[in-house]
Amino acid sequence: RPLQPKGAAGSKRPALVISGPFGAVKEQVAGLYAQTLAERGFVTLAFDPSFTGESVGVVRNVASPDISEDFSAAVDAIGLLPGVDRTRIGAIGICGLSGMALTAASADSRIKAVAT
């Protein structure tokens, strides 16, 4: 579930999709980052990429920079929210999943900023 900053109704806000670290689930570190950044004015979405956490996938606990589609899918989802400025979407990859964020940012022009 995306997090909206308080007082954001009626305005377009920058957005961040957040994942990682490897071995964690979205409710842990990525969720804490999402909550803290929402408090600072961003619309945020913490997610588990394929093969990790609560996501699906036959092979488990895989972290490869080649698997970047999940960040793009998260951008798809957050970009559909009415309060998101689609020209200001960033990606954060924490720890072992940072390579995925970098690969996604290099391939997906909708990602305007990346932090690892």
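Reading the values: rules and limits
- Residues numbered from 1 in each chain as written.
- Predicted model: local features only at pLDDT ≥ 70, side-chain atom pairs only at ≥ 80, totals over all residues.
- Heavy atoms only, no water.
- Phe/Tyr/Trp six-rings, centres within 6.5 Å; stacked < 30°, edge-to-face > 60°.
- Helix = DSSP H or I, 4+ residues; strand = E, 2+ residues; numbered from the N terminus.
- Buried < 20%, exposed > 50% of the residue type's maximum accessible area, 1.4 Å probe, protein only.
- Contact = heavy atoms within 4.5 Å.
- Pairing = 2+ DSSP bridges.
- Axes fitted to C-alpha atoms, helices over the stretch in contact; angles between N-to-C directions.

## Side note on the packing of aromatic side chains
So, step 1. Scanning all chains against the criterion turns up one aromatic pair.
So, step 2. On the numbers, 5.0 Å between centres and 85 degrees between planes, the contact of Phe-47 with Phe-71 is edge-to-face. Taken together, the residues span a long stretch of sequence, with Phe-47 in the loop between β2 (43-46) and α2 (69-79) and Phe-71 in helix α2 at a distance of 24 residues. The exposure classification of Phe-47 matches that of Phe-71, with both residues buried.

## Examining helix α3 (residues 98-107)
So, step 1. Buried within α3 are the following residues: Ser-98, Gly-99, Met-100, Ala-101 and Ala-104.
So, step 2. Contacts made by the buried residues of α3 are with α2, β3 (84-93) and β4 (111-115).

## As for the sheet that holds β2
So, step 1. Read across the sheet, four strands follow the order β2-β1-β3-β4 without closing on themselves; strand pairing throughout is parallel. Where the open sheet ends on each side, the last strands, each with one partner, are β2 and β4. Strand-to-strand, the axes of this sheet are offset by a mean angle of 20 degrees, without reference to chain direction.
So, step 2. On top of the sheet, α2 reaches β1 (13-19), β2, β3 and β4; it is set at about 145 degrees to β3, its chief contact.

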